[in-house]
Amino acid sequence: PQKDEDFRPNFHFTPKKNWMNDPNGMFYLNGTYHLYFQYYPEDNVWGPMHWGHATSKDMITWEEQDIALYPDDNGYIFSGSAVVDRNNTSGFGKDGKVPVVAIYTYHDPVGAENKENDHQSQAIAYSLDEGKTWTKYEGNPVLPNPGMTDFRDPKVTWDDIHKQWLMALATTKKTLFYTSQNLKEWKKLSEFGEGTGAHDGVWECPDFFPMQVEGGEETKWVLIQSLNPGGYNGGSGTQYFVGDFDGKKFTPETYMEKLGEKHEYWIDFGRDNYAGVTWANIPQDDGRKLFIGWMSNWLYAQEVPTQTWRSAMTVARELKLVKEGDRYLVTSEPVEELKKYRDEDHYMEEINVSGNSIALDSEDLDLARAEIRFTIDDLQEMTYNFRLSNVVGEEFIVSYDHAQKQFSVNRSLSGQTDFSQDFAAENSTAPRISDSDSLTAVLILDKTSIEMFFDDGKTVMTEIFFPNQPWNEFSFASLEDFRVSELKAYELKFERPT
Ligand code: FRU
């Protein structure tokens, strides 16, 4: 059976050794994308948190760097963000060097143990060498705890509309907003979250930014808000809200004022995309909103069958805001940089599916590093299935029931599952959001993950798996015949950084 290095992704970022969770402090500068992450370098389970660091020229091939932030007497270094302080508002800049400022949560483990409700506070550190080495500010914390058990994961953005630094911060059931001119002094503006959205868990890792609606001039503000547990399929999940922001207060669209637990606004409906946030300092002439998430779930992340390291990040994604009817949808698709890794393509005009039809096998391409795209036209009220399988009879099955307009994922036969009761006992599901009568799918495959982007990223599902042998077949199936058009598959070629 496969284990450890057999399970290490071909291209998704993993730390060489030991434990990783949330992405942190992502920024772009001078041709390099930076990714920091919650990291425990001494064990393959969660522990005293550091910020690990990785860099990339294209958000696809990552190179791990030295640890950026170590825990200290004030506590562990929990999740947070980083900004490029071009105008040196913080005063940390020296000799014309632009400071990069990280804003993170100090988590005091002793206070947490004693159930003190002030054990998390916000602190800053700065770098004058483009994110390599960091100096913690001597005036920390910059935002002490006012008496809230959960008070963490500051995401700071330069709000160019209202000319302020803006921090979104999570507390148990709410997002809090703060403002600053210098990143050192913070003043509370408002809060959001009571009475709307999923609340069956603790709100964590927010992100808040303006986005232009596709195909128009309109600008809306998007609040991304992870929660754990209480995700769409239980455990960890990331919902979002869309609305207006007057520089002080976020007002959601009317239809979002009173959303229940099982609403339809999730960045990803799958079980394995958590705590994702966006990159800071993307140049204006690029203008994309670029996102990455942690490809696991707190339900079982510490038990998955890898030992040397634990967890990967998702593929980097581009978020867009689209208007569909009266609703605003945040869509995601893999960043276009992934395309340059495509090898020769396998193109089949169409396949007529009758019963079970093998579409691709390992003679065509390596299914552990592949992009598969297809369309099903003229949807009928029936269930469409596709599946990955291997020589030992394991399978990963995805179904789309067009009568219910629902996707579902069954990974109960996908290989190693018994490390956690929560991993595969139930199918995960997702609503189909699009009304179109043809369904498009883009699947990104790696050794232990599939990322599924349906209808141009209106419904997204990310799921991990641990088959005992690599997948060697991709097939379609259904009770009634149907036709798949424009099936295109690419092997993705990567050179592993050494
Ligand atoms: C989310 C989270 C954050 C916290 C970090 C600790 O996964 O719980 O709220 O800052 O992980 O590692």
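Residues numbered from 1 in each chain as written. Predicted model: local features only at pLDDT ≥ 70, side-chain atom pairs only at ≥ 80, totals over all residues. Heavy atoms only, no water.

Under an unreviewed UniProt entry, the name given to the chain is Glycoside hydrolase family 32 protein, and the source organism is Christiangramia aestuarii. Check the Sequence similarities (unreviewed entry) section of the UniProt entry for the chain; it says "Belongs to the glycosyl hydrolase 32 family." (UniProt positions renumbered as here; feature names shortened; annotations may be inferred.)

Attention shifts here to unusual backbone geometry. The omega angle of the peptide bond from Asn140 to Pro141 is -5°, so this bond is cis rather than trans. Within the element layout of this structure, Pro141 appears in the loop between strand E8 (135–136) and strand E9 (151–159). Looking along the chain, the bond that leaves Asn228 and enters Pro229 is cis, with omega of -10°. The residue Pro229 is located in the loop between strand E14 (219–228) and strand E15 (237–245) in this model. Even without glycine at this site, Glu486 takes up a positive phi of about 50°. Within the fold, Glu486 resides in strand E34 (residues 482–492). (Helix = DSSP H or I, 4+ residues; strand = E, 2+ residues; numbered from the N terminus.)

Here the structure, examined in full by the defined rule, presents 32 salt bridges. Across the salt bridge formed by Glu463 and Arg271, the nearest N and O atoms sit 3.0 Å from each other. A residue pair is termed long-range when its members are at least 10 positions apart, and Glu463 in strand E32 (residues 459–464) and Arg271 in the loop between strand E17 (266–268) and strand E18 (274–278) qualify at 192 residues. Both residues of the pair, Glu463 and Arg271, belong to the buried class. The partner of Arg411 in a salt bridge is Glu463, with the nearest N and O atoms 3.2 Å apart. Taken as a pair, Arg411 in the loop between strand E28 (406–410) and helix H2 (421–424) and Glu463 in strand E32 lie far apart in primary sequence, 52 residues in all. Accessibility classification places Arg411 together with Glu463 in one group, the buried group. Salt bridges linked by common partners bring Asp343, Asp366, Arg369, Glu491 and Lys493 together as one network. (Salt bridge = Lys/Arg side-chain N within 4 Å of Asp/Glu carboxyl O. Buried < 20%, exposed > 50% of the residue type's maximum accessible area, 1.4 Å probe, protein only.)

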